[in-house]
Amino acid sequence: ELPVYGSGGFCSSSLGRLGAQLGGWAAQGIPRVKMKVGREPEADPSRLDAARAAIGDETALYVDANGAFGPKEALGWAERYAEEWGVTWFEEPVSSADAEGLRLVRERGPAGMDVAAGEYAYVPRDFLALLDARAVDCLQADVTRCGRITGLLLAAALADALEVDLSAHCAPSASAHAFAGVARLRHLEWFHDHVRVEQMLFGGVLQPEGGVLRPDRSRPGNGLELKRADAEHWQAA
């Protein structure tokens with residue numbers, strides 16, 4: 001089983017759309033959801049209010065700034081996120097290239113809030129830089145970027161050696177089987193856009209049940225089969 005978190009909550013979404021999306025995942029039994037922050041920080045408090053109202057008090061709320069802040073600015077927001085909305089996961093509060101900035105937020109941020117990064121790590125040295133700097137509470141890896149399954153297993157070994165959990169970034173149906181072999185897997189990102197595209201183009205796409213994905217062992221490989229007729233519609237002329 002691979003625990004998942006619902007991921008979307010784009011800054012361009014209306015408050016109604018934001019609440020419906022995150023609240024919908026919570027209603028489906030997904031116990032953790034993530035939204036974007038930082039593009040227009042002044043608008044974020046009302047967005048976070050809407051998110052918390054939609055998911056209730058029992059669902060964990062995560063935020064992803066995509067590197068929008070400087071370290072001290074991120075620290076200020078981290079305190080507000082935790083105190084006012086109970087946020088427990090702050091992804092890329094600063095640029096993932098700023099390992100020292102990430103470490104500052106991780107070490108001085110509120111208790112109970114994990115700092116995460118790693119989606120832009122492409123080779124083992126990228127993961128090692130974050131781990132050596134003690135920049136993250138939870139490392140992220142994207143199997144479509146980090147050298148596929150072989151690269152993922154190298155990243156997982158590095159994280160395991162330093163007793164740091166690993167979280168799967170995006171492409172859930174392409175990631176599930178690979179991450180099922182990760183010893184310290186935290187969870188897998190059920191990312192709205194990738195879920196939509198996977199369902200359009202592939203048969204055998206997994207669906208969460210009780211907040212987890214279960215790879216289908218009756219299907220070969222990663223369980224996916226290209227819907228060739230549907231895919232041809234999108235083929236470039």
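We now turn to the structure provided with this report. All values derive from a computational prediction rather than experimental measurement.

### Looking at the overall build of the protein
Move 1: For the protein, the helix and strand inventory stands at nine helices and 11 strands.
Move 2: The C-alpha radius of gyration of the protein comes to 18 Å, within 12% of the 18 Å expected for a compact globule of 237 residues.
Move 3: By its C-alpha atoms, the protein is 50 × 40 × 40 Å across when sized along the principal axes.
Move 4: Contacts in the protein between residues at least 24 apart in sequence constitute 68% of all its contacts with a sequence separation of at least 6.
Move 5: As presented, the protein carries roughly 11,200 Å² of accessible surface, and 49% of it is formed by carbon and sulfur atoms.

### Describing the nonpolar core
Move 1: Formed by 60 residues in total, the largest nonpolar core has its most connected members in Met35, Leu61, Tyr81, Phe90, Leu139, Leu152 and Phe179.
Move 2: Ranked by residues supplied to this core, first place goes to helix H3 (residues 71-85) with six residues.
Move 3: Residues in contact with Phe179, not counting those within four places in the same chain, are Leu2, Ala141, Val143, Leu152, Leu166, Ser167, Ala168 and Leu185.
Move 4: If you look at the next biggest cluster of nonpolar residues, it comprises five residues, including Tyr5, Tyr62, Trp89 and Cys138.

### Concerning the pattern of salt bridges
Move 1: Applying the stated rule across the entire model yields 16 salt bridges.
Move 2: Put simply, Glu91 and Lys34 hold a salt bridge, and the shortest N to O gap is 2.7 Å. Of the two residues, Glu91 sits in strand E4 (residues 87-91) while Lys34 sits in strand E2 (residues 32-36), which places them 57 residues apart along the sequence.
Move 3: Using a relative accessible area of 0% as the deciding quantity, one classes Glu91 as buried.
Move 4: Put simply, Asp165 and Arg184 hold a salt bridge, and the shortest N to O gap is 3.2 Å. Placement of the pair is Asp165 in strand E7 (residues 165-168) and Arg184 in the loop between helix H7 (172-179) and strand E8 (185-191), with a sequence separation of 19 residues.
Move 5: Overall, the relative accessible area of 19% leaves Asp165 in the buried class.

### A short note on the packing of aromatic side chains
Move 1: A complete count under the given rule lists nine aromatic pairs for this structure.
Move 2: For the ring pair Tyr81 and Phe90, a centre distance of 5.2 Å and an interplane angle of 80° mean the geometry is edge-to-face.
Move 3: Residue classification places Tyr81 among the buried residues on the basis of a relative accessible area of 0%.
Move 4: Look at Phe90 and you get buried, because its relative accessible area is 0%.
Move 5: The structure contains a cluster of three or more aromatic residues connected by ring pairs, namely Phe69, Trp77, Tyr81, Trp85 and Phe90.

### Some points on the packing of H7 against helix H8 (residues 192-201)
Move 1: Where H7 meets H8, the axes come as close as 9 Å, and the angle between the chain directions of the two elements is 95°. Considered as vectors, H7 and H8 are oriented roughly perpendicular to each other. Two secondary-structure elements touch here, H7 through Pro172, Ser173 and Ala174 and H8 through His194, Val195 and Glu198.
Move 2: Residue classes in the contact of H7 with H8 are distributed as three nonpolar, two polar and one charged.

### Focus on the environment of Leu61
Move 1: With respect to the helices, strands and loops of the structure, Leu61 is situated in strand E3 (residues 60-64).
Move 2: Take Leu61: its relative accessible area is 0%, and that puts it in the buried class.
Move 3: The sequence separation of Leu61 and Ala231 amounts to 170 residues, and the corresponding C-alpha distance is 35 Å.

### Some details on the environment of Thr88
Move 1: Assignment of secondary structure puts Thr88 in strand E4.
Move 2: With relative accessibility at 29%, the residue Thr88 sits in the partly exposed group.
Move 3: For Thr88 and Ala43, which are 45 residues apart along the polypeptide, the C-alpha to C-alpha distance reads 20 Å.
Move 4: Not counting residues up to four positions away in its chain, the partners in contact with Thr88 are Ala60, Leu61, Tyr62, Gly112, Met113 and Asp114.

What counts, and where the lines are drawn
- Residues numbered from 1 in each chain as written.
- Predicted model: local features only at pLDDT ≥ 70, side-chain atom pairs only at ≥ 80, totals over all residues.
- Heavy atoms only, no water.
- Helix = DSSP H or I, 4+ residues; strand = E, 2+ residues; numbered from the N terminus.
- Rg over C-alpha atoms; globule rule 2.2 N^0.38 Å.
- Contact = heavy atoms within 4.5 Å.
- Areas by Shrake-Rupley, 256 points an atom, 1.4 Å probe, with all protein chains shown as cover.
- Core = buried A, V, L, I, M, F, W, Y, C linked by side-chain atoms within 4.5 Å.
- Buried < 20%, exposed > 50% of the residue type's maximum accessible area, 1.4 Å probe, protein only.
- Salt bridge = Lys/Arg side-chain N within 4 Å of Asp/Glu carboxyl O.
- Phe/Tyr/Trp six-rings, centres within 6.5 Å; stacked < 30°, edge-to-face > 60°.
- Axes fitted to C-alpha atoms, helices over the stretch in contact; angles between N-to-C directions.
- Parallel < 35°, antiparallel > 145°, perpendicular 65-115°, else oblique.
- Nonpolar A, V, L, I, M, F, W, Y, C, P; charged D, E, K, R; others polar.

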